[in-house]
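Chains, contacts and geometry: an overview
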Amino acid sequence: MIKDHQTAVLEVDRLVTEFPTPKGTIRAVNDVSFQLHQGETLALVGESGCGKSVTALSIMGLLAHPGRISSGTIRYGKDDLLGYSTSQMRKIRGNKISMIFQEPMTSLNPVFRIKDQMMEVILEHQDLSSKAAFDRAVELLGMVGIPSPEKRIMDFPHHLSGGMRQRVMIAMALTSPDPGILIADEPTTALDVTIQAQILQLIRKLQEKNGMSLLLITHDMGVVAKMADRVAVMYAGKKIEEADVIECFENPCHPYTRGLLNSIPSNKKYKGANRLEAIQGFVPNLLELGKGCPFTNRCTVAMDICQAAFPSQAQIIEGHHVCCHAVNPTDADKGGRP
Amino acid sequence: MNPSLVSVKHLKKYFTVKSDTLWGKKSILKAVDDVSFDLYACETLGVVGESGCGKSTVGKTMLRLHERTDGSVWYKERDIYSLDRHELKQVRRQMQMIFQDPFSSLNPRKQVRDIVAQPLRIFNQGTRQEIQDKVDHLLEEVGLNPKFKTRYPHQFSGGQRQRIGIARAIALEPELIICDESVSALDVSIQAQVLNLLLELQEKYRLTYMFIAHDLSVVEFISTRIMVMYLGKIVEQAPKDTLVDNHLHPYTASLFKASPDIDPRNRNDEVLLPGDVPSPLDPPSGCYFHPRCPRCMEVCTHTYPETREVAPGHWVACHLY
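Being a predicted model, the structure only gives us computed values, none of them experimental.

This brings us to the overall build of chain B. The number of helices and strands found in chain B is 9 helices and 12 strands. Computed over the C-alpha atoms, the radius of gyration of chain B is 21 Å, within 12% of the 20 Å expected from 2.2 N^0.38 for a compact globule of 321 residues. Principal-axis analysis of the C-alpha atoms gives chain B an extent of 70 × 55 × 50 Å. Contacts spanning at least 24 positions in sequence make up 65% of the contacts within chain B whose residues lie at least 6 apart.

Let's shift gears to the packing of helix H4 (residues 114-125) of chain A against helix H5 (residues 130-143) of chain A. What describes two packed helices is the angle between their axes and the distance between those same axes. All names here are of chain A. For the pair H4 and H5, interaxial distance at closest approach is 9 Å and the crossing angle is 115°. Considered as vectors, H4 and H5 are oriented roughly perpendicular to each other. For the element pair H4 and H5, the recorded crossing hand is right-handed. Across the interface between the two elements, Lys-115, Met-118, Met-119, Ile-122 and Leu-123 of H4 pack against Ser-130, Ala-133, Phe-134, Arg-136 and Ala-137 of H5. Considered class by class, the residues forming the contact of H4 with H5 number 7 nonpolar, 1 polar and 2 charged.

All names here are of chain B. Segmenting chain B into domains produces domain 1 (1-18 + 27-94 + 174-262) and domain 2 (110-171). Of note, the centres of domain 1 and domain 2, computed from C-alpha atoms alone, are 25 Å apart. Listed as interface residues are 12 residues of domain 1 and, on the opposing side, 10 residues of domain 2. Here the element with the most residues in the side of domain 1 that touches domain 2 is helix H6 (residues 188-205); it accounts for 6 residues. In terms of residue class, the side of domain 1 that touches domain 2 is made up of 9 nonpolar, 2 polar and 1 charged.

The partner chain B presents 36 residues to the 35 residues of chain A that form the contact. Per element, the largest residue contribution to the side of chain A that touches chain B is 7 residues, and it comes from helix H8 (residues 193-210) of chain A. Residues belonging to the side of chain A that touches chain B are distributed by class as follows: 17 nonpolar, 14 polar and 4 charged.

Moving on to the sheet that holds strand S3 (residues 44-48) of chain B. Residues and elements named next belong to chain B. Here 8 strands make up an open sheet; going across it, the order is S6-S7-S8-S3-S9-S10-S12-S11 and the pairing mixed. Taken across any chain shown, the strands that pair with only one partner, and hence form the sheet edges, are strand S6 (95-98) and strand S11 (307-311). The sheet shows a mean angle of 20° between the axes of neighbouring strands, direction not considered. Where S6 meets strand S7 (residues 176-180), 4 bridges bridge the pair, whose relative direction is parallel. The partner of Gln-96 across the bridge, within S7, is Ile-177. The sheet strands contacting helix H5 (residues 158-170) are S6 and S7, and the helix crosses S6 at an angle near 175°.

Quick notes on the rules
- Residues numbered from 1 in each chain as written.
- Chains lettered and ligands numbered in written order.
- Predicted model: local features only at pLDDT ≥ 70, side-chain atom pairs only at ≥ 80, totals over all residues.
- Helix = DSSP H or I, 4+ residues; strand = E, 2+ residues; numbered from the N terminus.
- Rg over C-alpha atoms; globule rule 2.2 N^0.38 Å.
- Contact = placed C-beta atoms within 7 Å.
- Axes fitted to C-alpha atoms, helices over the stretch in contact; angles between N-to-C directions.
- Parallel < 35°, antiparallel > 145°, perpendicular 65-115°, else oblique.
- Left-handed = near helix turned anticlockwise from the far one by under 90°.
- Nonpolar A, V, L, I, M, F, W, Y, C, P; charged D, E, K, R; others polar.
- Domains from an automatic or database assignment.
- Pairing = 2+ DSSP bridges.

Following this line, the structure appears as structure tokens:
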């Protein structure tokens, strides 16, 4: 696998995405920055409503009305994607940056054959005859492990099982001869576990083959452990921790990250236990967030200052950053635990 | 071991499915196909399997929410399929269900206090005031503030709605609760809270759970015994520790292999189970698992294996054992 952790292929800087509602403006993504490097897998983790999917849609320029990006930059190569026109974005989308969505049934058009949907993407970006585009589509379906692709390509989406549909989605995302970035938004959430394992393995193999960078959006820490090189944890629109995958699982510093890992019943510490160490309370309403840390009301180590101001980012070790008042960066040699 | 509370014997539930074409033949979907097991008092029986394996149908057929096709379900020495309406009502009082989707399983037009009070009213559990006091108590019991009882379901989050469903299920102090994917729709931090709540209630009220889920890690945590289903049949059944450490059926093994470990150092790229789950409308010949089975033998292609008890309480249906 080509991994170059120096070159950022995608750089999201201080992104703020807002949704105006009659009750006030919701900041779904609030000042989020991260970099995606050549050939690596960055997992964006968090629970529903934390802004991970909205971050992906912001990158793709697919925000639904009335959502808007109110500040920040999304740098792709030398350019800021936010300054691109619609037609410039069309050249990028599905070509240089592709996306796989969560629900393969709703992301494929039920009234068109797989053939038509795949050829549309290919012909949009590549100067091929329709015969060549058809052959390319068959080749791609074969590559993602669909048996007898030349027959299946004539099927409608409802003829295929969930796992097969997700394979078609992946094939469609990889039509470009040089896909730079793949954004996978919960690619396996709707699938059974044996099928999930197949799809994850497929994504990993394809990534090894063509060296693309993967932005993996998921709520499932098991998927993260299997796939990611680095992890960014989001909570209520904020990025609260970022680290190398092993560091994230073995030395989580933010109380939320630790709570998230403790919430997983297959955590080895629960062997023979009959209670989980659950995070109390629930995710706050994004309309009612104050200036402070959004996790304060559920946090076991909250202090007065947590209500007043969002903590700045502290570095624990190289590449491990956390936003928490309880983490004192000078304690880094003790592992940075509060 | 505790006495058997529910005993399911050779239970079958077939559905007729219309053909795609107007004059085509109807086909038969064997959702549950000759399933036998016991549910012992105060245990948690986990039921795992992939979508379409019939795990939910077993739960519903046990409560007579679906009528069976064949077989029997014995609740404390009484076949619930031989009961008349009034007797069934009394038995159902002891057997409750918590559903998967906390959005569609609560009536959106009713206040929470009415949702929770409904079973109490149906069984005439006291005066209005007594019922309202009981509702307050139940809401506290599941970790909800009783002052929210006049709210409607849409004003609660998914986790809170699931708590309302639990309050309703325990209102009549049942003996058995069937949890059908009750935590699958919840975020992991909320899921942990609800699992803890279910465990607390089990200790307090000496409940028996049948816990149906597709997530092996959840089932592994909460269950005392686990039953694995594939295409309407039970393929393996054993006490939790036996099943986790010493599972025999190749399907159970691949389920365990496929569920992701949360240790990023342990990324095994072993050979995965190939193929999709076959359609239950047209199951393979012989052992239903044989087309995907890494240890398939000649006999597997034409004969369905008998279920054998390989160790006390450990049942497996596989020609290898």
